[in-house]
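# Overview (structure and organization)
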Amino acid sequence: MFFRRRARMLRWLLCGRLGPVWMWKALLLFLAIAFAGQLLGVIFNKSSVQPAARSIFSSPDAQGPSLGSCQPHTHIMFLKTHKTASSTVLNMLYRFGDEHHLRFALPLGYQLGYPLPFNAHRVKGYRGPGAIEFHIMGNHMRFNKAEVEKVMPSDTFYFSIVRDPVALAESSFAYYKEVAPAFRKARGLGEFSDDPNKFYDPRLRNNHYARNLLWFDFGLDHNANFSTALARLGVNMIRRTFKLILVSEYFDESMILLRHALCWPLDAVVSFSLNARQQKPAGGAGGGWMGKAVAAAGVSIRGGHLQPKMPPNLSLTEAQREKLRQWNAFDWFLYRAFNQTFWEEIDRFGRTQMEKEVNLLRMRRKDLARACLRDGGKPVEAHRIRDKNIRPFQSGLVKILGYELQPGLDNATRTACMRMIRPEIQYKDVLDSKQFPPAHGVQQQSQRLLVAVGGTFLKQDSPRKETGGRTLEDGAKDWDGSPLLRNNQTLVRQQRLPV
């Protein structure tokens, strides 16, 4: 009886209060169809919605092919040789250490006492062997193994990079022509190559850039009389310390070998070329290359007219190229020795596997360039870069190119992209500020003096006069006697003209 009464009441509510039963059923059916459609839409669109919420740097492609059960190296010493794509390699070390909160053995200025042989006390914060754990060392130095071992742990992985001495001489002449007296006296690299002894004086400061520069950077006597026995002795000394020597001409293959040696993910060795010089001028006078070179290379005033400094003549005949190899005989011997070792390493790795991984590396570089960079990822002149904080330092008579970030990036992607394009000098300052934050309540000065990578040029970004500059300590000087000033918790050189 009770249940019959409840049934009659329900029919009364449905029919009398809410309308006919068929209308109620139709409403329920409509709601069910709408819910099902919404559910199916989520399922089918899940793959397209999910990536939009993630950074490209968190995709599975970032890891690359499996490296097995190895553990990433975090104690690393990179001998940053000059004009060998070493700034691009250093950027990788900066990024990896930055992301994993590792401690860098940073210089007091921008180089570790170069061109004097390295001394452990040139490392900022160094307090004696073993007092502080340093993970990564990579700024310019003239290698001195005994002093490096005071700073870096015993399990440190040592590596470096070399380049064909002729190509290195071309880049060095372009970059250091105003610094090295031997280069400054020559009208072009060809003239220098015809008779280097006419221009070269080993006693003059900065002339080390003009002869056996690789040999010099490895801490060896670059002015010694060449002999095969002496050259072989030097190469063997390098082999005993450095576990891997990369080759600039085969940069992508080098990155694959480095990735496997360090047990790092693929993205850690994907890079955009940094500190690269403009190869070919474009445009005419005025607003073209010549007009812009006035700002980049400096000017002189004659007869009331601006006279821009001309870019160096780097053209060489084959005979002159051979003369450069003879002039840089130690570098040529070193390069051939480690070029052979390099390909022996690739043979052990497997050429088929190397080709496969190089292709993956290049594909990944293109993907990140599309995601990170404007203008299709092409490097641009510094004056075109809107963000002044990532403009590359301009040194010598050639233009150093940089990159602009793609607009509209999410925060995670922008941070990762910025790490890939931040110039070496600016990145060093960022890391320096993290390791040595300014004292509480002390306003950090904006940096005005920049030391060129591998050189002694300085640039003043602002004509404003700053007061209160004081030396860090009485008598603090750089290798050539230049006073060092405190700026952004970093010692920087006072402005002086190259000699």
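An account of the accompanying structure is given in this report.

Cut-offs and rules
- Residues numbered from 1 in each chain as written.
- Predicted model: local features only at pLDDT ≥ 70, side-chain atom pairs only at ≥ 80, totals over all residues.
- Heavy atoms only, no water.
- Core = buried A, V, L, I, M, F, W, Y, C linked by side-chain atoms within 4.5 Å.
- Buried < 20%, exposed > 50% of the residue type's maximum accessible area, 1.4 Å probe, protein only.
- Helix = DSSP H or I, 4+ residues; strand = E, 2+ residues; numbered from the N terminus.
- Contact = heavy atoms within 4.5 Å.
- Disulfide = S-S within 2.5 Å.
- Polar contact = N/O pair within 3.5 Å; in protein donor to acceptor, adjacent residues only side chain to side chain.
- Patch = residues over 30% accessible without salt bridge, like charges linked within 9 Å, V, L, I, M, F, W, Y side chains within 5 Å.
- Areas by Shrake-Rupley, 256 points an atom, 1.4 Å probe, with all protein chains shown as cover.
- Salt bridge = Lys/Arg side-chain N within 4 Å of Asp/Glu carboxyl O.

Turning next to the nonpolar core. The biggest cluster of nonpolar side chains holds 104 residues, and the ones touching the most others in it are Met137, Val151, Phe159 and Phe192. With eight residues, helix α14 (residues 329-349) is the largest single contributor of residues to this core. Residues contacting Met137, with those up to four places away along its chain left out, are Ile76, Met77, Phe78, Ala105, Leu112, Phe118, Val123, Val148, Val151 and Met152.

The subject of this paragraph is the environment of Asn389. Along the chain, Asn389 turns up in the loop between β7 (380-381) and β8 (401-402). Along the backbone, Asn389 and Tyr427 are 38 residues apart, and their C-alpha atoms lie at a distance of 9.9 Å.

This part covers the state of the cysteines. By the definition in use, this model includes two disulfides. Shown here is the disulfide that connects Cys70 with Cys263, its sulfur atoms set 1.9 Å apart. Every disulfide takes its handedness from the sign of the S-S torsion; for Cys70 and Cys263 that torsion is 85°, giving right-handed. Here the residue Cys70 occupies a position in the loop between α2 (21-49) and β1 (76-79), and Cys263 occupies one in the loop between α11 (251-262) and α12 (289-297), the gap between them amounting to 193 residues. Cys70 sits in the partly exposed class, given a relative accessible area of 32%. Residue Cys372 pairs covalently with Cys417 via a disulfide, S to S 2.0 Å. The disulfide joining Cys372 to Cys417 has a torsion of about -70° about its S-S bond and is therefore left-handed. With Cys372 in helix α15 (residues 351-372) and Cys417 in helix α16 (residues 411-421), the pair connects residues that are 45 residues apart, well separated along the chain. Looking at Cys417, the relative accessible area reads 0%, which means it is buried. Each bonded cysteine of the protein is numbered by sequence order, and under that numbering the disulfide pairs are 1-2, 3-4.

In this section: the side chain of Asp267. Position of Asp267 relative to the elements: it lies in the loop between α11 and α12. Residue class for Asp267 comes out buried when judged on its relative accessible area of 11%. At a separation of 2.7 Å, a polar atom in the side chain of Asp267 contacts the side chain of Arg364. Ignoring sequence-local partners within four residues, the contact set of Asp267 consists of Phe57, Asp61, Ala62, Arg95, Arg364 and Leu368.

Looking now at unusual backbone geometry. Across the junction of Tyr114 and Pro115, the peptide omega takes the value 10°, indicating a cis bond. Secondary-structure assignment places Pro115 in the loop between α3 (86-99) and β2 (136-137).

Our next topic: a nonpolar patch on the surface. A cluster of nonpolar side chains, Leu230, Leu233 and Met237, forms an exposed patch at the surface whose accessible area comes to about 250 Å². Of note, Met237 is situated in helix α10 (residues 228-241). You can call Met237 partly exposed: its relative accessible area is 39%.

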